Amino acid sequence: MMSKHFIHQLIFETTPQCCLNCRHCYNIQKITNAYSQKILNTNDTIFLLKKTLQQIKCTDLILTGGEFYTRPDTNEIILAAEQSGVKSIHIMTNGACLDAEKIAFAKAHQVRLFEISFISADKKIFDTETQAQNFSAFDNAVFATQEIVKQKILVSHIFVATKKNIHTLLNTLNLSYALGVRNFSFNRFNPCGNGKKYLEELQLSPLELMKGLEICEKFAIEHPDMAFHSPINIPPCIIDTKKYKHISFTLCGVGFHQSIIVLDYLGNVRLCPFSPTIVGNIKDMTLSQMFKTEAAKNFIQAHPKFCDKCKLVKKCQGGCKASSDNCFGNPWLENPFLAKYKTKPIT
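Quick caveat: nothing in here was measured; it's all calculated off a predicted structure.

Draft legend 1. Just the pattern of salt bridges, in detail. Summed over all chains, the structure comprises twelve salt bridges. The salt bridge involving Arg-23 is made with Glu-129; its shortest N-O contact spans 2.9 Å. Note that Arg-23 is positioned in the loop between strand 1 (5–13) and helix 1 (42–53) and Glu-129 in helix 4 (residues 123–130), a separation of 106 residues in sequence. Close ionic contact of Asp-240 with Lys-242 constitutes a salt bridge, the shortest N to O distance being 3.2 Å. The exposure class assigned to Asp-240 is partly exposed, which follows from its relative accessible area of 38%. Salt bridges here are not isolated pairs; linked through shared partners, they connect Arg-23, Glu-129 and Glu-201.

Have a look at this one:
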């Protein structure tokens, strides 16, 4: 019998299609012509998911895209995951295609969390940065949030902090809280996918990022029922995150008990959602075989030379090597944030 790999999160990118074209979007299908925009049919898509789930024990399954709810068969995919024994399903969505019926079905079939991209309380900024066409992405995200809260499902707002929206952070927190949101993700902009085209326009300086973290920290103290997370690795050599005691920070999990794997809609497997490096395809390889490939070994071992003597190199791995992989085609190089703002390694 095949031994199963423990995976903290399996991220299933079910489609490249999305009803928005966010300037900060990290989706790798935005930057390569190697990907077909045509999705597999329902049976073939479920086959990919089930074959992967047979080889792992995962804490959470995250269904995403593109935009997951642009697919016509979302209920079938959720049901297949539940029938495969998944106990906790998260859905990452922009909320534009959600309605009360879809939310109710999700609640009934192991969906424990909706993560909604919510980048500003300013409607004009929200709709401009998401490049919504012929509808308001802001209005849809607000409606989706209200309906999820009404149906008593946990919802988290994801705020991607950029030069375009950071000044609206406090107002955004106030709106999120008023809508009933009690989980807030403060993500530094990570230049991947669409985002790398707008690097200079969007990337915050450490000072700007720290001001945002201070706002979140103060809000967390004043609203102890709101949980704060910062899942995009902030290099400790640039910002000392230990002083923000009410925010949960995540460093790089690549290679650490293989905490995350990404399965895309064609069956390709990657080790990070920000990285374009494919380590194999689930249709013709096992995960054990993929983890032994040169592509996997190279990506897992990669970190910038600058970090060689840093005592946190195994945890931080240079900030985000997937961003280096995405921007420069080489995970061993310094990513744009580290390259611009590094000082000295922590020894």
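Draft legend 2. A look at unusual backbone geometry. In this model, Gly-65 is joined to Gly-66 through a cis peptide bond whose omega is 15 degrees. Residue placement: Gly-66 occurs in the loop between strand 2 (56–64) and helix 2 (74–83). Notably, Gln-110 is not glycine yet its phi reads approximately 75 degrees, a positive angle. With respect to the helices and strands, Gln-110 occurs in the loop between helix 3 (100–108) and strand 4 (111–117). Judged by its relative accessible area of 17%, Gln-110 falls in the buried class. The phi torsion at Gln-317 lies on the positive side, around 60 degrees, for a residue other than glycine. Structurally, Gln-317 can be placed in the loop between helix 11 (313–316) and helix 12 (321–328).

Draft legend 3. Representation of the packing of helix 2 against helix 3 within the structure. Interaxial distance between helix 2 and helix 3 falls to 10 Å at its minimum, and their mutual angle equals 10 degrees. One way to sum up the angle between helix 2 and helix 3 is to call them roughly parallel. For the pair helix 2 and helix 3, contact is made by Asn-75, Ile-78, Leu-79 and Glu-82 and by Phe-105, Ala-106 and Ala-108, respectively.

Draft legend 4. Quick look at the packing of helix 10 (residues 294–301) against helix 12. Look at helix 10 against helix 12: their axes get within 9 Å of each other, and the N-to-C directions meet at 120 degrees. The pairing of helix 10 with helix 12 is recorded here as oblique in orientation. The residues of helix 12 that touch helix 10, namely those facing Phe-299, Ile-300 and Gln-301, are Lys-321, Ala-322 and Asp-325. When grouped by side-chain class, the residues that make up the contact of helix 10 with helix 12 number three nonpolar, one polar and two charged.

Draft legend 5. Structural view of the nonpolar core. Judged by nonpolar contacts, the single largest core of 60 residues is most densely connected at Leu-61, Leu-63, Ile-78, Ile-89, Ile-91 and Phe-114. It is helix 5 (residues 137–150) that contributes the most residues to this core, six residues altogether. Discounting chain neighbours no more than four positions away, the residues touching Ile-91 are Leu-63, Phe-68, Tyr-69, Ile-78, Ala-106, Val-111, Leu-113, Phe-114 and Glu-115. Judged by nonpolar contacts, the second largest core, of 29 residues, contains Cys-216, Ile-238, Tyr-244 and Val-313.

Draft legend 6. Looking closely at empty space enclosed by the protein. One pass over the full model with this rule turns up one cavity of 30 Å³ or more. Each pocket or cavity is described by its volume, and for the largest cavity that value is around 90 Å³. Every residue lining the largest cavity is counted, 15 residues in all, and those nearest its centre are Pro-236, Cys-237, Cys-307, Cys-310 and Cys-316.

Draft legend 7. Spatial organisation of the side chain of Asn-183. Tracing the backbone through its elements, the reader meets Asn-183 in strand 6 (residues 183–188). Sequence-distant contacts of Asn-183, that is, excluding residues within four places in its chain, are made with Leu-154, Val-155, Ser-156, His-157, Met-226, Ala-227 and His-229.

Draft legend 8. Here's a closer look at the layout of surface pockets. Here the second largest pocket defines a volume of roughly 290 Å³. If you go around the second largest pocket, the residues you meet are Ile-234, Pro-236, Asp-240, Thr-241, Lys-242, Phe-249, Thr-250, Leu-251, Leu-312, Lys-315 and Ile-346. By residue class, the composition of the lining of the second largest pocket is six nonpolar, two polar and three charged.

Draft legend 9. Summary view of helix 12. Judged by how many residues are buried, helix 12 sits mostly within the fold: six of eight residues are covered. Taken residue by residue, helix 12 has Lys-321, Ala-322, Ser-323, Ser-324, Asp-325 and Asn-326 as its buried positions. Elements in contact with the buried residues of helix 12: helix 10 and helix 13 (336–341). Positive backbone phi, at 75 degrees, marks Gly-329, one or two positions downstream of helix 12.

Draft legend 10. Highlighting the sheet that holds strand 3 (residues 89–93). Read from one edge of the open sheet, eleven strands run 8-7-6-5-4-3-2-1-9-10-11, paired in mixed fashion. With partners counted over all chains shown, the strands left at the sheet margins are strand 8 (247–249) and strand 11 (280–281), one partner each. Summarising the sheet, strand 5 (residues 154–161) and strand 6 pair through six bridges and their orientation is parallel. Along strand 6, the bridge assignment pairs His-157 with Phe-184. On the sheet, helix 3 packs against strand 3 and strand 4 and is oriented at approximately 140 degrees with respect to strand 4.

Draft legend 11. Spotlight on the side chain of Asp-325. Positionally, Asp-325 belongs in helix 12. Arg-270 provides the closest opposite charge to the buried, unpaired Asp-325, separated from it by 7.9 Å. Excluding anything up to four places from it in sequence, Asp-325 contacts Ser-275, Pro-276, Thr-277, Phe-299, Asn-330 and Pro-331.

What counts, and at which threshold
Residues numbered from 1 in each chain as written. Predicted model: local features only at pLDDT ≥ 70, side-chain atom pairs only at ≥ 80, totals over all residues. Heavy atoms only, no water. Salt bridge = Lys/Arg side-chain N within 4 Å of Asp/Glu carboxyl O. Helix = DSSP H or I, 4+ residues; strand = E, 2+ residues; numbered from the N terminus. Buried < 20%, exposed > 50% of the residue type's maximum accessible area, 1.4 Å probe, protein only. Axes fitted to C-alpha atoms, helices over the stretch in contact; angles between N-to-C directions. Parallel < 35°, antiparallel > 145°, perpendicular 65-115°, else oblique. Contact = heavy atoms within 4.5 Å. Nonpolar A, V, L, I, M, F, W, Y, C, P; charged D, E, K, R; others polar. Core = buried A, V, L, I, M, F, W, Y, C linked by side-chain atoms within 4.5 Å. 1 Å grid on protein atoms, 1.4 Å probe; cavity = no way out; pocket = protein on both sides within 12 Å on 5 of 7 lines; lining within 4 Å. Points joined across faces, edges and corners; volume = space filled by probe spheres on them. Pairing = 2+ DSSP bridges. Lys, Arg positive; Asp, Glu negative; His and termini not counted.

In short, shape yes, function no, at least from these values alone.
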